[in-house]
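Spelled out from the first residue to the last, the chains are:
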Amino acid sequence: MTRRPVDMGDPDRLYTVTGGRSRSDDDNFDLVTLIVSECAPSPGMQSEHVRILELCRHPIAVVEVSAELKLPITVVRILLGDLQATGRITARHPRRSRSLIDLPDSALLEEVLHGLRNL
């Protein structure tokens, strides 16, 4: 199996797609943030924005959007930031990990496991 570089896009094209930006304004989108479109594409929109809105009719993770568009994650984050700024998408962030105090007792988890095995 031959490994290929992750960023196979033409640098000139990526520069054009992002309007010359190399970073998003904020780090609002991690890889597992779910994206949902809030409207249908409108005439005159950038083709990548249109494709994102079509992909996000149902919740989809940022990393999946990147894979479907075959664009680097940094470029996708910039495009998502554009769409979020205009209210065309909503981001659903994953839950933060709980503290150890909130987690169930390990003895309880073992009892549940034994009960499941006995079924």
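Before reading on, note that the structure itself is shown above.
Just so you know, these numbers come straight off a predicted model, no measurement behind them.

Trainee: Explain the overall build of the chain to me, please; I cannot follow it from the model alone.
Mentor: Looking only at helices and strands, the chain has five helices and three strands in total. Scanning the chain from its N terminus toward the C terminus, one meets helices and strands in the order α-β-α-β-α-α-β-α. When burial is assessed residue by residue, the chain has 26% of its 119 residues classed as buried. Of all intrachain contacts in the chain linking residues separated by at least 6 positions in sequence, the fraction that spans at least 24 positions is 69%.

Trainee: Looking at this structure, how should I read the nonpolar core?
Mentor: Where a protein is soluble and globular, its nonpolar side chains tend to be buried together. By size, the foremost hydrophobic cluster in this structure holds 19 residues, and its most contacted members are Ile 35, Ile 52, Val 65 and Leu 80. Secondary structure elements with two or more residues in this core: helix 2 (47-55), helix 3 (62-69), helix 4 (73-85) and strand 3 (89-92). Of all the elements, helix 4 adds the most residues to this core, at five residues. The residues touching Val 65, leaving out its near neighbours within four places in the chain, are Ile 52, Leu 55, Cys 56, Ile 60 and Val 76.

Trainee: Any chance you could explain the pairing of strand 3 here in plain terms?
Mentor: Burial of the side chains of strand 3 is restricted to one face: Ile 89 and Ala 91 are buried, whereas none of Thr 90 and Arg 92 on the reverse face is. Sheet analysis places strand 1 (residues 34-37) next to strand 3, joined by four bridges and oriented antiparallel. Along strand 3, the bridge assignment pairs Leu 34 with Arg 92.

Trainee: Honestly, the pairing of strand 1 in this entry has me stumped. Any pointers?
Mentor: It is a general feature of regular strands that their side chains alternate between the two faces of the sheet. Relative to strand 2 (residues 60-61), strand 1 runs antiparallel, the two sharing two bridges. Across the sheet, residue Leu 34 finds its bridge partner in strand 2, namely Ala 61.

Trainee: When you look at the pattern of salt bridges in this model, what are you seeing that I'm missing?
Mentor: Tallying each qualifying case throughout the model produces one salt bridge. Residues Glu 68 and Arg 51 are paired through a salt bridge, measuring 3.8 Å at the closest nitrogen-oxygen approach. Separated by 17 residues along the polypeptide, Glu 68 in helix 3 and Arg 51 in helix 2 bring together distant segments of the chain. A residue is classified by how much of its surface remains accessible, and Glu 68, at 45% relative accessible area, is partly exposed.

Trainee: Help me out: how do you make sense of the sheet that holds strand 2 in this one?
Mentor: Across the sheet, three strands lie side by side as 2-1-3; this open sheet has antiparallel pairing. At either end of the open sheet lies a strand with only one pairing partner, and these are strand 2 and strand 3.

Trainee: Explanation requested: helix 4 in the structure shown.
Mentor: Since the α-helix advances by 3.6 residues per turn, residues separated by three or four positions end up pointing in the same direction. Counted at 1.5 Å a residue, the expected span for helix 4 with its 13 residues is 18 Å, and the 18 Å between its end C-alpha atoms agrees. The set of residues buried in helix 4 consists of Val 75, Val 76, Ile 78, Leu 79, Leu 80 and Leu 83. Two residues or fewer after helix 4 comes Gly 87, characterised by a positive phi angle close to 75°.

Criteria and cut-off values
Residues numbered from 1 in each chain as written. Predicted model: local features only at pLDDT ≥ 70, side-chain atom pairs only at ≥ 80, totals over all residues. Heavy atoms only, no water. Helix = DSSP H or I, 4+ residues; strand = E, 2+ residues; numbered from the N terminus. Buried < 20%, exposed > 50% of the residue type's maximum accessible area, 1.4 Å probe, protein only. Contact = heavy atoms within 4.5 Å. Core = buried A, V, L, I, M, F, W, Y, C linked by side-chain atoms within 4.5 Å. Pairing = 2+ DSSP bridges. Salt bridge = Lys/Arg side-chain N within 4 Å of Asp/Glu carboxyl O. Expected span 1.5 Å × (residues − 1).

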